[in-house]
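Breakdown of the fold
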Amino acid sequence: MPAADRVDWYHDVVSRTVAPHRLLVADRATFRARAGVLGLGRIELSKHVHADHRAWRTRRMIRQGDPEHYILALVTHGAKGISQARNDTRAEVGDMVFFDTSHPYTAGNPGTDPVMSLLHIPRDLIRLPADRLDAALGSRICARRGIGAVLRRFLASLEALGSECTPQELALLERPLLDLASGLLAQQLDAWEALPARTRNQVLLERIDSFIDRHLPDSDLTPRAIAAHHHISLRMLHHLFRECGETVAASIRRRRLERAHADLADPAQDHRSVRAVAERWGFTSPAVFSRTFRDVYGLSPRELRTSRSGRVARNVKEPSTPRQLAGLAGL
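The sections below set out a description of the structure shown in this document. (Residues numbered from 1 in each chain as written. Predicted model: local features only at pLDDT ≥ 70, side-chain atom pairs only at ≥ 80, totals over all residues. Heavy atoms only, no water.)

**Structural notes on the overall build of the protein chain**
The helix and strand tally for the protein chain stands at 14 helices and 11 strands. The dimensions of the protein chain, computed from C-alpha atoms along their principal axes, are 70 × 50 × 35 Å. Split into buried and exposed, the 331 residues of the protein chain put 46% on the buried side. A separation of at least 24 residues holds for 70% of the contacts in the protein chain among residues at least 6 apart in sequence. When the accessible surface of the protein chain is split by element, carbon and sulfur atoms take 50% of a total near 16700 Å². Looking at charge distribution, the protein chain has the averaged site of its 49 positive side-chain charges lying 2 Å from that of its 38 negative ones. (Helix = DSSP H or I, 4+ residues; strand = E, 2+ residues; numbered from the N terminus. Buried < 20%, exposed > 50% of the residue type's maximum accessible area, 1.4 Å probe, protein only. Contact = heavy atoms within 4.5 Å. Areas by Shrake-Rupley, 256 points an atom, 1.4 Å probe, with all protein chains shown as cover. Lys, Arg positive; Asp, Glu negative; His and termini not counted. Charge placed at Lys NZ, Arg CZ, Asp CG, Glu CD.)

This is the structure in structure tokens:
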């Protein structure tokens, strides 16, 4: 955009994608910004990169137009300050800020050029007590660990891969994204029991998925160990996976094979022997690894490394369920 038009363009973009507001820019001549939006059913994910400015939304603007959205804003670079509902917060990299469009707010980033990912969720989709949510407006939420880190990874994957998905695939990702956001807010409000049972189970399953991914190299990763770590019964763990059409053991084996396949197809990993690759991903028996690998991919690990095709055999199933599609997004 021509320099003279940049501020007006960005003001219009944010007014349409977030809510109508006022904008004050420190230096209009040097102002730079980028923005993009990804639709996921009724939920939207937007990304904003902008120079120093202040923004505010008044009661008059709310009366003129209100999308009635809760917003979780993730800071991925720089810092952002926001004031809403008597809460003043400064969020830095790895933090989220929770606010909404139905209450006045002010926001700014003095001295920094932040990069932020905003998750826009219609208020009626969050099934938590409205009074407790309103009391938390303007608060900072850590997204560096636990469910916050899972949600952060999901958002990063959507930004990286969302453009490759069809509208139908993006709509399928609305539910797991909503479950993660609801779970994060419930944790922040200490209102876990207020979530619908289905959402609680889905959030728990996503946490278990993340735990499994982090511990794949551990040969002692078993269903019993997973259940114990998450303080649930083995029966409950199997029940959660049964609804997804895959057993716990099958899920662990599939993920280990996927990681091993990626290593064997990567020339940069040629310094590792096939046995070392197998052990790296938790396989203790080279013979079992080779046999299982051939059953799934249609060729042995050594044949894959020789061919360098990196192509998966036809008998490997394509993801089809919302949770499996969410797995493609990095969960």
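**Here we look at the pattern of salt bridges**
Summed over the entire model, instances satisfying the criterion amount to 21 salt bridges. Note that D263 and R280 form a salt bridge whose closest N and O atoms lie 2.7 Å from each other. One end of the pair, D263, is in helix α10 (residues 248–264); the other, R280, is in helix α11 (residues 274–280), with 17 residues separating them in the sequence. The exposure class assigned to D263 is buried, which follows from its relative accessible area of 8%. According to the relative accessible area criterion, R280 is partly exposed, its value standing at 29%. Each member of the salt-bridge network shares a partner with another, and the members are D209, D213, R255 and R259. (Salt bridge = Lys/Arg side-chain N within 4 Å of Asp/Glu carboxyl O.)

**Considerations on the packing of helix α9 (residues 234–242) against α10**
In the contact formed by α9 and α10, the axes pass within 9 Å of each other and the chain directions differ by 65 degrees. Of the residues in α10, those touching α9 at L237, H238 and F241 are V248, S251 and R255. By residue class, the composition of the contact of α9 with α10 is three nonpolar, two polar and one charged. (Axes fitted to C-alpha atoms, helices over the stretch in contact; angles between N-to-C directions. Nonpolar A, V, L, I, M, F, W, Y, C, P; charged D, E, K, R; others polar.)

**Some thoughts on the environment of I82**
Here I82 lies in strand β6 (residues 79–84). Judged by its relative accessible area of 5%, I82 falls in the buried class. Distance in space between the C-alpha atoms of I82 and A55 is 9.4 Å, their sequence separation being 27 residues. I82 has contacts with N87, D88, T89, V97, F99, Y105, T106 and A107, leaving out every residue within four places of it along the chain.

**A closer look at helix α6 (residues 174–189)**
One turn of an α-helix holds 3.6 residues; hence residues three or four places apart share an orientation. With 16 residues, α6 ought to run about 22 Å at 1.5 Å a step, and its terminal C-alpha atoms sit 22 Å apart, in line with that. Of all the 16 residues making up α6, 12 are buried; the element is thus mostly covered by neighbouring parts of the structure. (Expected span 1.5 Å × (residues − 1).)

**Considering the sheet that holds strand β2 (residues 33–40)**
In space, the six strands of this open sheet follow the order β2-β3-β10-β5-β8-β11, with antiparallel pairing throughout. Strand pairing shows two members of the sheet lacking a second neighbour, β2 and β11 (139–142), which therefore form its edges. Along the sheet, successive strands turn relative to each other by an average axial angle of 25 degrees, direction set aside. In this sheet, strand β10 (residues 115–122) lies alongside strand β5 (residues 69–77) in antiparallel orientation, the contact comprising eight bridges. (Pairing = 2+ DSSP bridges.)

**Quick notes on the packing of α10 against helix α12 (residues 286–297)**
One can describe the packing of α10 onto α12 by two numbers: an axis separation of 11 Å at closest approach and a directional angle of 90 degrees. As judged from the angle between their axes, α10 and α12 are roughly perpendicular. Judged by residue contacts, R253, L257, E258, A260, H261 and L264 of α10 engage F289, T292, F293, V296 and Y297 from α12. Here the residues of the contact of α10 with α12 are counted per class, giving seven nonpolar, two polar and two charged. (Parallel < 35°, antiparallel > 145°, perpendicular 65-115°, else oblique.)

**Focus on the pairing of strand β8 (residues 95–100)**
Here β8 lies mainly inside the structure; six of its six residues are buried. Alternating positions in β8 separate into two faces, D95, V97 and F99 on one and M96, F98 and D100 on the other, with burial throughout. Of the pairings in the sheet, the one linking β5 to β8 comprises five bridges and is antiparallel in character. Along β8, the bridge assignment pairs Y70 with D100. Where β8 meets β11, four bridges bridge the pair, whose relative direction is antiparallel. For V97, the partnering residue across the bridge sits in β11 and is R140.

**Looking at the pairing of strand β4 (residues 53–57)**
Burial analysis of β4 places four of its five residues in the buried class, the great majority of the element. Judged from the four bridges that link them, strand β1 (residues 22–25) and β4 form a sheet pairing that is antiparallel. Within the sheet, the bridge partner assigned to L23 lies in β4 and is A55.

**Things to note about the side chain of D179**
Tracing the chain through its elements places D179 in helix α6. The class of D179 is buried, set by a relative accessible area of 1%. Those residues within four positions of D179 in sequence are excluded, and the remaining contacts are R198, T199, Q202 and V203.

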